[in-house]
Amino acid sequence: MEAPKALITGITGMVGSHLADFLLENTGWDVYGACRWRSPLDNVVHLLGRANRKDRVFFEYADLNDQVSLIRLVEGIRPDYIFHLAAQSYPVSSFSAPIDTLNTNILGTCRLLEAVRLEMGRDRRWKPVIHVCASSEVFGKIPAEKKPESGIHEECPFHPASPYAISKAGTDLLGRYYAQAYGMMVMTTRMFTHTGPRRGDVFHESTFAKQIAMIEAGLAEPVVMTGNLKSLRTYADVRDAVRAYYMLVTKDPQPGEYYNIGGTYTCEVGDTLRTLISYSTKKDEIRTATDSERLRPVDADLQVPDCRKFKKHTGWEPQICFEKTMQDLLDYWRDRVRKHGEFLMR
């Protein structure tokens, strides 16, 4: 009997690579990863040997901005499960590249779902389960007096505060539209801050960890550059996040449903920085300084989720504590700095 097939768009990213690891370890599924020809393979280097042996891992070239490549991708694999994670995923970068962000995230999602819809029309027996990944950023800057006491729930209004957030609002709505209009098994998620090893260095906690690792290696002055340290965040570990995504598509999936998912540890960004510094061998020497270029024009600064809907439906609970997540993130950057030396200060 043929093994179930999972397609992960954005497999070379932090979440995509961890999801591939989870599926290979915990299921018998074959994993197909969609990536661009120029995508860096750092996060999946440990999978390349298996891919070369065609041992349950397959890399396929496709681009969200190329409809033909997506049609060929879907037609060639016909996956049972699709995890649509690929995106221009950096909120700060979206201010300088808004058109690329909107095109990749909104129209790219539409192109992928259209490719699936067309293939379903050719064979009505094929009905994949599809996860469309939106973001908690869709809720944007919620005034403190309007934030529900239990946290941001699914029915809170969207107030996107960046081109990235606007693009993810469109992504979210597209997923629900294709479920309602065409009977496709599409579900959307709004994952709140999730991090850990392989996190991109344009995100606050990861750039902090990178800078600390470079300071420890003697490659940078003992000053960590920061943006807004007062922004409130609720953290989850990426390894808990991908387990949630697996449960989303396997625990009685409901077409058109949408869920908030997030951790349970909430603190200000400044507290996150202090935690990371406390783990450093140079903690008594490190200072901090604000870099105006790291400040967003508008900041989504009250990101505290209410995840009861998802937990009730799936039974998911986060398992990895904030302290381990931060320690593993710092160790990840220490290892990278040890192997590769200097990184761009951003």
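Structure's up top.
Q: For this particular structure, what's the right way to read unusual backbone geometry?
A: Negative phi characterises most residues that are not glycine, and trans characterises most peptide bonds. One non-glycine residue, Lys-54, lies in the positive phi region at around 55 degrees. With relative accessibility at 61%, the residue Lys-54 sits in the exposed group. Although it is not a glycine, Arg-56 sits at a positive phi angle of roughly 70 degrees. Using a relative accessible area of 18% as the deciding quantity, one classes Arg-56 as buried.

Q: How should the sheet that holds strand S4 (residues 81–84) be read in this particular structure?
A: Sheet strands associate in pairs through backbone hydrogen bonding, adopting either a parallel or an antiparallel arrangement. With parallel pairing, seven strands are arranged side by side in an open sheet as S3-S2-S1-S4-S5-S6-S10. Bordering the open sheet on either side are strand S3 (57–61) and strand S10 (258–261), each of which pairs with just one other strand. Averaged over all pairs of adjacent strands, the angle between strand axes in this sheet comes to 20 degrees, irrespective of strand direction. Across five bridges, strand S1 (residues 5–9) lies against strand S2 (residues 30–35) in parallel orientation. Bridged to Ile-8 within S2 is Gly-33. Against the sheet, helix H3 (residues 67–77) makes contact with S1, S2 and S3, and its axis sits at roughly 165 degrees relative to S1, the strand it touches most. Strands in contact with helix H6 (residues 163–182) are strand S5 (129–133), strand S6 (185–191) and S10; relative to S6, the strand with the most contacts, it is inclined by about 155 degrees.

Q: I would appreciate a short explanation of the packing of helix H1 (residues 14–26) against helix H8 (residues 238–250) in the present structure.
A: A pair of packed helices can be characterised by two numbers: the angle between their axes and the separation between those axes. Remark: H1 packs on H8, axes separated minimally by 9 Å, with the N-to-C direction vectors making an angle of 65 degrees. Every pair of crossing elements has a handedness; the one defined by H1 and H8 is right-handed. Counted together, Met-14, Val-15, His-18, Leu-19, Phe-22 and Leu-23 of H1 and Val-238, Arg-239, Val-242, Arg-243, Tyr-245 and Tyr-246 of H8 form the full contact between these two elements. Grouping the constituent residues of the contact of H1 with H8 by class yields nine nonpolar, one polar and two charged.

Definitions and limits used
- Residues numbered from 1 in each chain as written.
- Predicted model: local features only at pLDDT ≥ 70, side-chain atom pairs only at ≥ 80, totals over all residues.
- Heavy atoms only, no water.
- Buried < 20%, exposed > 50% of the residue type's maximum accessible area, 1.4 Å probe, protein only.
- Pairing = 2+ DSSP bridges.
- Helix = DSSP H or I, 4+ residues; strand = E, 2+ residues; numbered from the N terminus.
- Axes fitted to C-alpha atoms, helices over the stretch in contact; angles between N-to-C directions.
- Contact = heavy atoms within 4.5 Å.
- Left-handed = near helix turned anticlockwise from the far one by under 90°.
- Nonpolar A, V, L, I, M, F, W, Y, C, P; charged D, E, K, R; others polar.

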